[in-house]
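# Observations on the model geometry
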Amino acid sequence: MIRSRGFLGVTSADFLVRSAYQMGKTPLLPLFAASLGAGDVLLGFIVAVSTLTGMVLKPFVGILSDRTGRRIWLLTGTAVFAGMPFVYGFVDSPDQLVLVRIIHGLATAIYGPVTLAYVVELSSSNRAERLGWFSMARNAGYVVGPAAAGVLLLRMDPVHVFTVVGLLSSLAFVPIALLPETKSAPQLHRPSFVTQARRAISVASRSSGVWLAGGMSAQVLIAEYAVKTFLPVYALSQGVNVAVVGAYFALQEGTHLVLAPLGGRLGDRLGHMPTVALGMAAMSAGLLTLSFGHDTSALVLSAVLIGSAQALVFPSALASVATAVSEHDLGACMGFVGAMKNSAKVAGPILGGLLIHRFGLEVTLASMGVMLIGVGFGIYLVWRAGLRRDDSLAVAAGDASIK
């Protein structure tokens, strides 16, 4: 199934648009915003506003894709990815740039839940491993995009680089146009959108699987983004070379990139919840190592542990959603999980800043580490209790059938 036409098509398209989108985000967007006269606060808002767009809209896009099918929304998202970069050439003020970023953020709000629902629907087997391979391709775009933008900026001004971004995004139309529709094709007799939205929101809000998947992913992301935001500042204040900090994050993301398929396979074999619990334990160990160790070996170990945690948690958490909800609500529930993850990306730096201001970086990271190991152990106990309950029900059913 990993080699199927649908999986290869949606994965290659996502890699293309994510790579191009990241070209336009780092380091291109801050430089472009600064050239328009954006101050520090407004510049930060310009960079973050697309994340806020996804946080609000992902559940509703997921509902729409449950209603009308995935393919039409992937084509719509590709059109936004491909068209909006050409608009940056007409922007001449920070206020206009904010509006453009809000609209451009629609692309990721569409691709986020719809691609995940599409990948999950391809088959009921090996879902976590498939999501791991998909995550590997998506995360590769976060590596390729900024590097390519940095090279292009040596030879082009920001507006021309945005033109390249649009042209590269347009290439994704080819694999998307060739995608087969999944089993969530448009239904002939369907309820009104309001009725379907109410039902989907009710299902997602009452599903323990959705809350577990979104909550666990969010906790890992809060810690990860707190580290991303404040470790560079702390390291520089301690006289650590900035190249070492860059190498730390490169190793972390590289570990996540390489191990995501293996983490997904482990989730399919061992169970989604035990794998998530193992990942949260790895995240805890990475944070504790970072809080107590300051030499090179401690940094290397911390980066590998945090990258491994991401590879263990994210594919299995998403795959667990598919087993917890009906296929008719899959897009909506993926959208809710995506919204929770986006909230964590916003909350991580804010919460981290408040805690670090009060307690310092080491205590904050250690506290987050202890909390994560506690949550991971709790998840494992709940999973074990569920197994024992299922076994008891199976024995009772067997005894009843004998009688």
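Calculation criteria
- Residues numbered from 1 in each chain as written.
- Predicted model: local features only at pLDDT ≥ 70, side-chain atom pairs only at ≥ 80, totals over all residues.
- Heavy atoms only, no water.
- Helix = DSSP H or I, 4+ residues; strand = E, 2+ residues; numbered from the N terminus.
- Rg over C-alpha atoms; globule rule 2.2 N^0.38 Å.
- Buried < 20%, exposed > 50% of the residue type's maximum accessible area, 1.4 Å probe, protein only.
- Contact = heavy atoms within 4.5 Å.
- Areas by Shrake-Rupley, 256 points an atom, 1.4 Å probe, with all protein chains shown as cover.
- Axes fitted to C-alpha atoms, helices over the stretch in contact; angles between N-to-C directions.
- Parallel < 35°, antiparallel > 145°, perpendicular 65-115°, else oblique.
- Left-handed = near helix turned anticlockwise from the far one by under 90°.
- Nonpolar A, V, L, I, M, F, W, Y, C, P; charged D, E, K, R; others polar.
- Expected span 1.5 Å × (residues − 1).
- Phe/Tyr/Trp six-rings, centres within 6.5 Å; stacked < 30°, edge-to-face > 60°.
- Core = buried A, V, L, I, M, F, W, Y, C linked by side-chain atoms within 4.5 Å.
- pLDDT = per-residue confidence, 0-100.
- Salt bridge = Lys/Arg side-chain N within 4 Å of Asp/Glu carboxyl O.
- Patch = residues over 30% accessible without salt bridge, like charges linked within 9 Å, V, L, I, M, F, W, Y side chains within 5 Å.

## Focus on the overall build of the chain
Scanning the chain for helices and strands turns up 15 helices and zero strands. For a compact globule of 403 residues, the expected C-alpha radius of gyration is about 22 Å, and the chain comes in at 22 Å, within 12% of that figure. Each of the three principal axes of the chain carries a C-alpha extent, and together these read 80 × 55 × 35 Å. Buried residues in the chain amount to 49% of all 403 residues. Sequence separation of at least 24 residues holds for 85% of the intrachain contacts in the chain that already meet a minimum separation of 6. By element, 70% of the accessible surface of the chain is carried by carbon and sulfur atoms, the whole surface being about 17,600 Å².

## Notes on the side chain of threonine 51
Residue placement: threonine 51 occurs in helix α3 (residues 40-68). Residues in contact with threonine 51, not counting those within four places in the same chain, are Lys25, Asn342 and Val346.

## Points about the packing of helix α1 (residues 5-23) against helix α6 (residues 127-153)
In the contact formed by α1 and α6, the axes pass within 7 Å of each other and the chain directions differ by 30 degrees. Put simply, α1 runs roughly parallel to α6. Here the hand of the crossing between α1 and α6 comes out right-handed. Each residue belonging to the contact of α1 with α6 can be placed in one class, and the counts come to 14 nonpolar, five polar and four charged.

## Some words on helix α4 (residues 70-83)
Turn by turn, an α-helix covers 3.6 residues, leaving residues three or four places apart pointing in a common direction. Here α4 spans 20 Å end to end across 14 residues, near enough to the 20 Å set by a 1.5 Å rise per residue. Among all positions of α4, only Arg70, Trp73, Leu74, Gly77, Thr78, Val80, Phe81 and Ala82 are buried. Contact partners of the buried residues in α4: α1, α3, α5 (94-121), α7 (158-170), α8 (173-177) and α14 (330-359).

## Topic: the packing of aromatic side chains
Aromatic ring pairs are reported here in terms of the distance separating the ring centres and the angle at which the planes meet. Inspection of every chain in the model, using the stated rule, returns six aromatic pairs. Seen in terms of ring centroids, tyrosine 88 and phenylalanine 162 are 3.9 Å apart; in terms of plane orientation they differ by 5 degrees. Their pairing is stacked. Residue tyrosine 88 is found in the loop between α4 and α5, and its partner phenylalanine 162 is found in helix α7; the two are separated by 74 residues along the sequence. Seen in terms of ring centroids, tyrosine 248 and phenylalanine 249 are 5.2 Å apart; in terms of plane orientation they differ by 85 degrees. Their pairing is edge-to-face.

## Observations concerning the nonpolar core
The biggest cluster of nonpolar side chains holds 86 residues, and the ones touching the most others in it are Leu74, Leu97, Val227, Tyr248, Met283, Leu287 and Val321. With 12 residues, α5 is the single largest residue contributor to this core. Among all residues touching valine 321, those that are not within four sequence positions of it are Gly209, Val210, Ala213, Cys333, Met334 and Val337.

## Description of the packing of helix α10 (residues 208-237) against helix α13 (residues 296-324)
Running from amino to carboxyl end, α10 crosses α13 at an angle of 160 degrees, the nearest separation of the two axes being 8 Å. In terms of their interaxial angle, α10 and α13 are classed as roughly antiparallel. In the crossing of α10 with α13, the sense of the turn from one axis to the other is left-handed. Along the contact surface, α10 presents Gly209, Val210, Ala213, Met216, Ser217, Val220, Leu221 and Glu224, while α13 presents Gln310, Val313, Phe314, Ala317, Ser320, Val321 and Ala324.

## Let's talk about the confidence of the model for the chain
A residue-level look at the chain finds 92% of positions with pLDDT of 70 or above and a mean pLDDT of 85. Confidence over residues 390-403 falls short of pLDDT 50; this stretch has zero contacts with residues more than four positions distant or in other chains.

## Concerning the pattern of salt bridges
In this structure the tally under the stated criterion is eight salt bridges. Arginine 18 is the partner of aspartate 14 in a salt bridge, and the nearest nitrogen-oxygen pair spans 3.6 Å. On the criterion of helical spacing, the pair formed by aspartate 14 and arginine 18 is a turn pair, its members being four residues apart in helix α1. Take aspartate 14 and arginine 18: they sit in the same class, and that class is buried.

## A few points about the environment of alanine 82
Considering the arrangement of structural elements, one finds alanine 82 in helix α4. Sequence separation between alanine 82 and arginine 18 is 64 residues; the distance between their C-alpha atoms is 11 Å. Beyond its immediate sequence surroundings of up to four residues, alanine 82 is in contact with Gly166, Ser169, Ser170 and Phe173.

## Considering a nonpolar patch on the surface
Residues Val56, Leu57, Phe60, Leu99, Ile102, Ile103, Leu106, Phe193, Val194 and Ile201 make up a contiguous nonpolar surface patch of about 760 Å² in total accessible area. For the nonpolar patch, the secondary structure elements donating two or more residues are α3, α5 and α9 (193-206). Considering every element that reaches the nonpolar patch, the biggest residue donor is α5, with four residues. In this structure, leucine 106 sits in helix α5. Judged by its relative accessible area of 32%, leucine 106 falls in the partly exposed class.

## Regarding α13
Under the 1.5 Å per step criterion, the end-to-end length of α13 is 42 Å for 29 residues, consistent within 8% with the ideal 42 Å. When you tally the buried positions in α13, you get 22 out of 29 residues, the bulk of the element.

## Concerning the environment of threonine 26
With respect to the helices, strands and loops of the structure, threonine 26 is situated in the loop between α1 and α2 (28-35). What makes threonine 26 partly exposed here is its relative accessible area of 38%. Note: C-alpha distance between threonine 26 and tyrosine 225 (199 residues apart in sequence) is 16 Å. The contact partners of threonine 26, leaving out residues within four places of it in the chain, are Pro146 and Ala149.

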